[in-house]
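Residue-level listing of the chains:
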Amino acid sequence: MRVVVFQHGLGALDYAVPAGMDLAPGDAVAVPLGPRTITGVVWDAGRLEGREVEAKRLRPVTEKLAIVPLSAPMRRLCEWVADYYLSPLAAVIRMVWPSVAFLGEREIVEYRIGGPVPGRMTPARGQALSNLAGRQGIVRDLARVAGVSEAVIRGLVTSGTLQPVLVGADATPAQPDPDFAPPLLEDAQAAAAEAIAGAVRTGGFAPFLLEGVTGSGKTEVYFEAVAAALRQGRSEGDHGGGQALVLVPEIALTAPWLARFAARFGVAPVSWHSDLKVAERRAAWAAVADGRAKVVVGARSALFLPFADLRVTIVDEAHESSFKQEEGVHYHARDVAVMRAREEAATVVLATATPAIETQVQAARGTYRHLKLPARFGGARMPEIAAVDMRRYPPARGAWLSPPLVAAVTATLAKGEQALLFLNRRGYAPLTLCRTCGERIQCPNCTAWMVEHRLSRRLACHHCGHQTPVPPACPACGEADALVACGPGVERIAEEVSRTWPQARLALVTSDTINSPAKAALLVKAVEDRQIDVLIGTQMVTKGYHFPELTLVGVVDADLGLSGGDLRAGERTFQQVAQVAGRAGRGAKPGRVLIQTHQPQARLMQALVAGDPAAFYAAETEARRDLGLPPFGRLAAIIVSSEDAGAALAAARAIGAAAPDVEGLSVLGPAAAPLAMLRGRHRQRLLVQARRSLALQRLLRDWLAAVPVPANVRVVVDVDPYSFV
């Protein structure tokens, strides 16, 4: 019997089945390896390569573990992911069976009102007690429901007002009701919803692209697919029904989405993300595996949860590059979601206002059924978009906002409306240098400049996380007070806004300030309650927010993303600017968008201003076709790294020299990666471009297997790369 073992460097090993032990493919087992006992999973006979071993030489399986087995569809998915992304099968399986899967039952501490009113009653505490009447949950969920910070909830716990309640890990989560509050859909929404819900009811593999302009009501449409899944196999009063998964790009941004879900289905879904405590993750994993958790919302890793009866998967904001995993197994959740739906014979919906070119091509070929919502819900109009030529209207000295944008913000605030300023750059300034000697402060672990964060008074590397206080003197020449910040980040824009409009109330929206659903909920409430006049943020503000009084969006530097130097730079910038522009004018009041750019004549800018994404995408698609780039060709990156720069270079050259001479295959490099050192490792890159018809994975596997690599060198293959640094 073949067992995939969870041991680095080993694949599948053969073991004997002891008498009386009943094992089947997908079962978790403990097996001996030398003097140790390790964990593995029984695999299907004949599906994995390996030489046969005489039965008398086989050691017996030690134990069958009490873990939900891997289903056949999940085993096929694991095989596909391992093969396509050139990853060890065991590494993929560990995403399905994370460490919490092997833990025993654990109790979770939840809280509910049950003690005396606190001696010190603040407005936030009063709001929490009012909103939490009859509620019970963990601290994070109670903070979200109450619209307060987690610190307020913990304070009520400390005061004894909120009492702890022990809940078994096998407790059934609150069950969403598909008939709780059916929505009133417009004709286009109703037609799209019925098409998707019909596919869920019918069963079988059914991939959809749900494309709708910002504010068109895509969420309400795919909620009906979730409702259809919940109704499958459900009888009156029971907890039956199929399961649904909703993937979101940023779990910290789900607060508004969770509120809409609860309003539609009566309860919150089960969440899956890295911020959950161990006991919470164990409970969620077990509830998904045995079917008690009916709807799950999560980041990309939720895609590998072992659903008992998955009927529909929604990939919300499916264009987002954050669905690409850049560490470990380099998978793209959008594509794996489609493959999982195929294996599960289920429905999958890619929902977005700005589909990726790969997705659009699949829809044009008829692989995906293409549903469109061309207008905003309720008659709201799309915003008016204009480009501000920064060559004609430069900002004042020491400023970053052009006169037209300043005038627009002033007029917006005068009308009592809200404005949003977008700059996809965290911190205060991207570069700190010495005005005396010219020294640029660089990360000691990466070839990247340290970014000043003035709010925390630190310099930070956004690649490895290294931080250090801002030095009082130049570390190179020792000159005191000689360091100057160069270029703008969102903190610097916030400083300019405070200086220009001192009465305006600001909110900074970045991953540094909004890093949890509870904080996102507080932000949403503050904006909706008109406690914020100007939002200043990074790409976090482009995703899903609906603020009816926000009528002006200013894009501070629309050219920033075009310097990426990769094939998706233009597409990504278009998507980002289009998404943030979609935050304007979502209510009854008309919206306006001003895009600051030094390239107003660029095709991308012209398409944004004209509201003509089709023209931009047509030109981008044709350029990709001409160059044989994805989706019309294949790309793979080979990243060679080592703490020894010479070893990395030598190994990369050896790999490059061994490249197969095959028609339709070309190899660029090796060359030092743009980020030549990352986390203390020197990096070389090769870029492989192949004709679509070539079996690229087989070529890569055979090619790399033939090149000996020293133990101090790491070789990583990134199929369909999104990062080119």
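Above this text you will find the structure in question.
The structure contained in this document is the topic of the report that follows.

Rules and cut-offs
Residues numbered from 1 in each chain as written. Predicted model: local features only at pLDDT ≥ 70, side-chain atom pairs only at ≥ 80, totals over all residues. Heavy atoms only, no water. Pairing = 2+ DSSP bridges. Helix = DSSP H or I, 4+ residues; strand = E, 2+ residues; numbered from the N terminus. Axes fitted to C-alpha atoms, helices over the stretch in contact; angles between N-to-C directions. Contact = heavy atoms within 4.5 Å. 1 Å grid on protein atoms, 1.4 Å probe; cavity = no way out; pocket = protein on both sides within 12 Å on 5 of 7 lines; lining within 4 Å. Points joined across faces, edges and corners; volume = space filled by probe spheres on them. Nonpolar A, V, L, I, M, F, W, Y, C, P; charged D, E, K, R; others polar. Buried < 20%, exposed > 50% of the residue type's maximum accessible area, 1.4 Å probe, protein only.

1. Looking at the sheet that holds strand S11 (residues 295-298)
Pairing within the open sheet is parallel, and its 7 strands lie in the order S10-S11-S9-S12-S13-S8-S14. Edge positions in the sheet fall to strand S10 (270-272) and strand S14 (369-373), since each has one partner strand and no second. Strand-to-strand, the axes of this sheet are offset by a mean angle of 20 degrees, without reference to chain direction. As paired elements, strand S9 (residues 243-247) and S11 share 4 bridges and run parallel to each other. When the sheet's bridge partners are listed, valine 246 is paired in S11 with valine 297. Lying over the sheet, helix H9 (residues 278-289) contacts S9, S10 and S11, oriented at roughly 115 degrees with respect to S10.

2. Remarks on empty space enclosed by the protein
For the structure on display, the rule yields 1 cavity of 30 Å³ or more. Taken as a whole, the largest cavity spans an internal volume of roughly 70 Å³. His319, Ser321, Arg334, Ala356, Glu358, Arg568, Glu571, Arg572, Gln575 and Tyr722 together form the lining of the largest cavity. Considering every element that reaches the lining of the largest cavity, the biggest residue donor is helix H15 (residues 569-581), with 3 residues. Taken together, the residues that form the lining of the largest cavity break down as 2 nonpolar, 3 polar and 5 charged.

3. So, the pairing of strand S8 (residues 206-212)
Side-chain direction in a regular strand flips from residue to residue, so the side chains alternate between the two faces of the sheet. Burial within S8 is extensive, with 7 of its 7 residues counted as buried. Every second residue of S8 is oriented toward a common face, with Ala206, Phe208, Leu210 and Gly212 on one face and Pro207, Leu209 and Glu211 on the other, all of them buried. Here S8 pairs with strand S13 (residues 347-352) via 6 bridges, running parallel. Within S13, the position partnered with leucine 209 by the bridge is leucine 350.

4. Observations concerning the environment of cysteine 464
By secondary structure assignment, the location of cysteine 464 is in the loop between strand S19 (458-460) and strand S20 (467-469). A sequence separation of 66 residues divides cysteine 464 from glycine 398, and the C-alpha atoms of the two residues are 30 Å apart. With near-sequence residues (within four places) excluded, cysteine 464 lies in contact with Cys443, Asn445, Cys446 and Arg679.

5. A look at helix H11 (residues 357-364)
Taken across its 8 residues, H11 has 6 buried, putting it largely inside the fold. Inspection of H11 places Ile357, Glu358, Thr359, Gln360, Val361 and Ala363 among the buried residues, and these make up the whole buried set. Where H11 ends, the next residue or the one after it, glycine 366, has phi of about 90 degrees, a positive value.

6. Thoughts on the sheet that holds strand S25 (residues 592-597)
With respect to topology, 6 strands assemble into an open sheet ordered S15-S25-S24-S16-S23-S22, the strand pairing being parallel. Sheet topology places strand S15 (384-389) and strand S22 (506-509) at the edges, where each strand pairs with a single neighbour. The sheet shows a mean angle of 20 degrees between the axes of neighbouring strands, direction not considered. Here 5 bridges tie strand S16 (residues 418-422) to strand S24 (residues 550-555), and the two strands are oriented parallel to one another. Its bridge partner being in S24, phenylalanine 422 is matched across the sheet by valine 555. Relative to the sheet, H15 contacts S15, S16, S24 and S25, its axis offset from that of S24 by approximately 155 degrees.

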